[in-house]
Amino acid sequence: MSDIVLKTEGLTKHYGGVHALVDANFELRRGEHVAIMGDNGAGKSTFVRQITGVERRTSGKVWFDGQEVDFAGPLHAREAGIEAVFQNLALADDLDVPSNLFLGREKILFNLGPFSILDRKGMRQATEAALKRTAVKIPNLGSTIRNMSGGQRQCVAIARTATFASKLIIMDEPTAALGVQETAQVENIVRTLKDNGEPLILISHNMRQVFDLVDRIVVFRRGRIVANLRKEETDGQDVVAYITGAKTQNMAAAAL
Amino acid sequence: MAQTTFGVGGLTYDHSKRHMPQELNVLIALVLIIAAFELLGRILIGDSFLLNTRDNVDTIFNQARLQIIILQVSIVGIIAIGITQVIISGGIDLSAGSVVGATAMIAMSFAQVAMVNGNPNPKAVFLEQGWVDLPVIVPVIVGLGCGLLAGLINGSLIAYTKIPPFIATLGMMVTARGVAKWWTKGEPISFPTESFAGIGKGLMPVVIFLALAVLFHLMLKYTLYGKRCYAIGSNEEAARMSGINVERHKVLVYSIAGLLAAVAAIVLSSKNLTAQAGMGVMYELDAIAMAVIGGVSLSGGRGSIIGTVLGSLIFGVIISGFTFLKLDAYYQEMVKGAIIVGAVVLDVWRQRRRSSRG
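What comes next concerns the included structure. (Residues numbered from 1 in each chain as written. Chains lettered and ligands numbered in written order. Predicted model: local features only at pLDDT ≥ 70, side-chain atom pairs only at ≥ 80, totals over all residues. Heavy atoms only, no water.)

1. Overview of the packing of aromatic side chains
In step 1: For the structure on display, the rule yields eleven aromatic pairs over all chains.
In step 2: Arranged with centres 5.1 Å apart and planes meeting at 40°, the rings of Phe115(A) and Tyr225(B) form a pair that is tilted. In this pair, Phe115(A) is assigned in the loop between strand S7 (108-110) and strand S8 (117-118) and Tyr225(B) in helix H9 (residues 224-234), connecting two distinct chains.
In step 3: A relative accessible area of 27% means that Phe115(A) is categorised as partly exposed.
In step 4: For Tyr225(B), a relative accessible area of 0% gives the class buried. (Phe/Tyr/Trp six-rings, centres within 6.5 Å; stacked < 30°, edge-to-face > 60°. Helix = DSSP H or I, 4+ residues; strand = E, 2+ residues; numbered from the N terminus. Buried < 20%, exposed > 50% of the residue type's maximum accessible area, 1.4 Å probe, protein only.)

In structure tokens, the structure reads:
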């Protein structure tokens, strides 16, 4: 029981008449890395939005860290220990790297309530350390995010997640817009998280990446979970077959 | 060597290029405008704009003109400081001028002397109640309270009813002007106590303006408050998702803007030794223009107090430059309008250039 970090039962989300997510039963164990795959509109992002409190579910139950939860907003999910990197990155363009990394949880030198003095040096050093740990290279920490490439911005967002993650990390297509070298960096970050035993949900379209990084693959199709596959017991062709609907799995097995 | 090579894929990064602050451009503009007036002065009226041309005074600069320039912008400059932090956090405040009017009237009515030339003060609002010859702290606290209240209402409306800042503060602009007129049924209030008159005496407005500018520069740059202003103005959704209490911060920002409008009102009424219901008309637009000239972006997230101070100096130089060239006061107003629109056009250009660079 306590081995399970996240569990959903009958998770359902309707947008008006559209059944974007239907009766999703999902489990994630401690230290486990799971990939969510599926075609566009299969319900992957919808599923993540329900778990992270960005949207309120239509019905179903969610347990996180042994407790039944119903997050009122992304902040509640974050306070509970779920960190997410979304496709739209949630960075403040006009702030520099340390300010973005510590956005909303700034280090304080001298506490004066809302007028507290910032520990700029401390945040800068912590940022350097965090970027070193995740092997992210940024030309100049002091320049604003606006001037950076998509890959660099993504790296900042991921470094933030990795720095503060407490219990569960979710990445929604973290390498979709990245070049080869930047993708390798992000994958290295994910491996580091695996070594540290931090559970992770990865949404990705990249088959090589998924087989490289995760323990288990969950396939979504038309709003439903259609397959739950251990990496060793499947291959790329098999997964593609589930994604396209050429093959279906017994749902009783999926709940395992 | 200015060039350093590191970063993703061995990116070349030139430190010397990126570190040129935007305030430098504003400073260059200020110098160019002064040079232009200097040149026009020599050609058109054969006099120097800023340099001393009289023999009886032993200074390099024309100190009288320098004082006028900074004195005339310092009161609106105090408002501009408040408006700068509002605009940086993604809002706008159109109510500042009217809040100045209302605050000046209310504060002044608590700052009156009992006797004028041996007779009871004919203009005293609270003579019957005996609220005359009060210590200076009373009108100051009352005035600051008025500004704070106006700002609290602005901020709460914007944060919690989610109406656009433009509408909320437009409402306050009309309401506060109404309060200013209603307070004495349109009568001006005069004869302040000596201690109250001391607040805005001589170069005091300049001292107060610069002290507040330094304070708010430090606040925006080194405190949580400033960081949140920039974060909210830059990407409100990201700020909210990061756990910043955006609503509470907005109330704080507008309250502080209201407080600064009240400071301006106290200094202005003290300097003029009188308060009138029409005080501060259009001050908010002048203040917004100072901020935008100084590089504060109307779309939020960018700008600084240093920029606004430089912007206010540009504003003052242009106005007194027109007086110096002996141009009619009507031209001043027309040009002022053009400056305000021109500054916003500049801001839009800057943003377009920035986005086209990707």
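Further notes follow.
2. Regarding unusual backbone geometry
In step 1: One non-glycine residue, Asp65(A), lies in positive phi territory at about 55°.
In step 2: Located in the positive-phi region is Met282(B), a residue other than glycine, with phi close to 75°.
In step 3: Considering the arrangement of structural elements, one finds Met282(B) in the loop between strand S6 (274-275) and helix H12 (283-293).
In step 4: You can call Met282(B) partly exposed: its relative accessible area is 47%.

3. Topic: the interface of chain B and chain A
In step 1: Each side of the interface is counted separately: chain B has 34 residues, and chain A has 33 residues.
In step 2: In total, about 2,800 Å² of surface goes out of reach between chain B and chain A, with carbon and sulfur atoms giving 63% of it.
In step 3: Taken together, the links from chain B to chain A amount to two salt bridges.
In step 4: Its salt-bridge partner being Glu106(A), residue Arg228(B) comes within 3.2 Å of it at the nearest N-O pair.
In step 5: At the junction of chain B and chain A, the tally comes to eleven residue pairs in polar contact (both at pLDDT 80 or more).
In step 6: Counting residues per element, the ones that place at least two in the side of chain B that touches chain A are helix H1 (15-18), helix H8 (204-222), H9, helix H10 (236-241) and helix H11 (246-272) of chain B.
In step 7: The biggest single contributor to the side of chain B that touches chain A is H9(B), with seven residues. (Contact = heavy atoms within 4.5 Å. Buried area = accessible area lost by both parts, 1.4 Å probe. Salt bridge = Lys/Arg side-chain N within 4 Å of Asp/Glu carboxyl O. Polar contact = N/O pair within 3.5 Å; in protein donor to acceptor, adjacent residues only side chain to side chain.)

4. Considerations on the pattern of salt bridges
In step 1: Using the criterion set out here, one finds 28 salt bridges over all chains in the structure.
In step 2: For Glu9(A), the salt bridge goes to Lys7(A), with nearest N and O atoms at 3.9 Å.
In step 3: Across the pair Asp65(A) and Arg30(A) runs a salt bridge, and its minimum N-O distance is 3.3 Å. Highlighted residues: Asp65(A) in the loop between strand S4 (59-64) and strand S5 (67-68) and Arg30(A) in the loop between strand S2 (18-29) and strand S3 (33-38), separated in sequence by 35 residues.
In step 4: The class of Asp65(A) is partly exposed, set by a relative accessible area of 30%.
In step 5: We classify Arg30(A) as partly exposed; its relative accessible area is 45%.
In step 6: Ionic contacts of the salt-bridge type, sharing partners, join the residues Lys162(B), Glu236(B), Glu237(B), Arg240(B), Glu247(B) and Lys250(B) into one network.

5. Observations concerning the side chain of Glu284(B)
All names here are of chain B.
In step 1: Tracing the chain through its elements places Glu284 in helix H12.
In step 2: It is Arg177 that comes nearest to the buried, bridge-free Glu284 among opposite-charge side chains, at 5.6 Å.
In step 3: Not counting residues up to four positions away in its chain, the partners in contact with Glu284 are Ile83, Asp93, Leu94, Ser95, Ala96, Gly97, Ser98 and Met173. (Lys, Arg positive; Asp, Glu negative; His and termini not counted.)

6. Re helix H2 (residues 22-44) of chain B
Residue and element names in this part refer to chain B.
In step 1: Across its 23 residues, H2 extends 33 Å between first and last C-alpha, which sits within 8% of the 33 Å expected from 1.5 Å per residue.
In step 2: Along H2, the residues classified as buried are Val26, Leu30, Phe37, Glu38 and Gly41.
In step 3: In the core, the buried residues of H2 are packed alongside H12 and helix H13 (305-324).
In step 4: Where H2 terminates, the next one or two residues include Gly46, which has phi positive at roughly 60°. (Expected span 1.5 Å × (residues − 1).)

7. A closer look at the sheet that holds strand S6 (residues 82-85) of chain A
Residues and elements named next belong to chain A.
In step 1: With respect to topology, six strands assemble into an open sheet ordered S6-S9-S10-S3-S11-S12, the strand pairing being mixed. At either end of the open sheet lies a strand with only one pairing partner, and these are S6 and strand S12 (224-230). Direction aside, neighbouring strands of the sheet carry axes that sit 20° apart on average.
In step 2: Sheet topology places strand S11 (residues 216-221) next to S12; six bridges connect them, and they run antiparallel. Among the inter-strand pairings, Arg216 is bridged to a residue of S12, identified as Arg230.
In step 3: Lying over the sheet, helix H1 (residues 44-51) contacts S3, S6, strand S9 (168-172), strand S10 (200-203) and S11, oriented at roughly 135° with respect to S3. (Pairing = 2+ DSSP bridges. Axes fitted to C-alpha atoms, helices over the stretch in contact; angles between N-to-C directions.)

8. Some words on the side chain of Thr127(A)
Residues and elements named next belong to chain A.
In step 1: Positionally, Thr127 belongs in helix H4 (residues 120-133).
In step 2: Classification of Thr127 as buried rests on a relative accessible area of 0%.
In step 3: Only 2.6 Å separates the side chain of Thr127 from the backbone oxygen of Met123, close enough to count as a polar contact.
In step 4: Ignoring any residue separated from it by four or fewer positions in sequence, one finds Thr127 in contact with Val97, Pro98, Leu101, Phe102 and Leu141.

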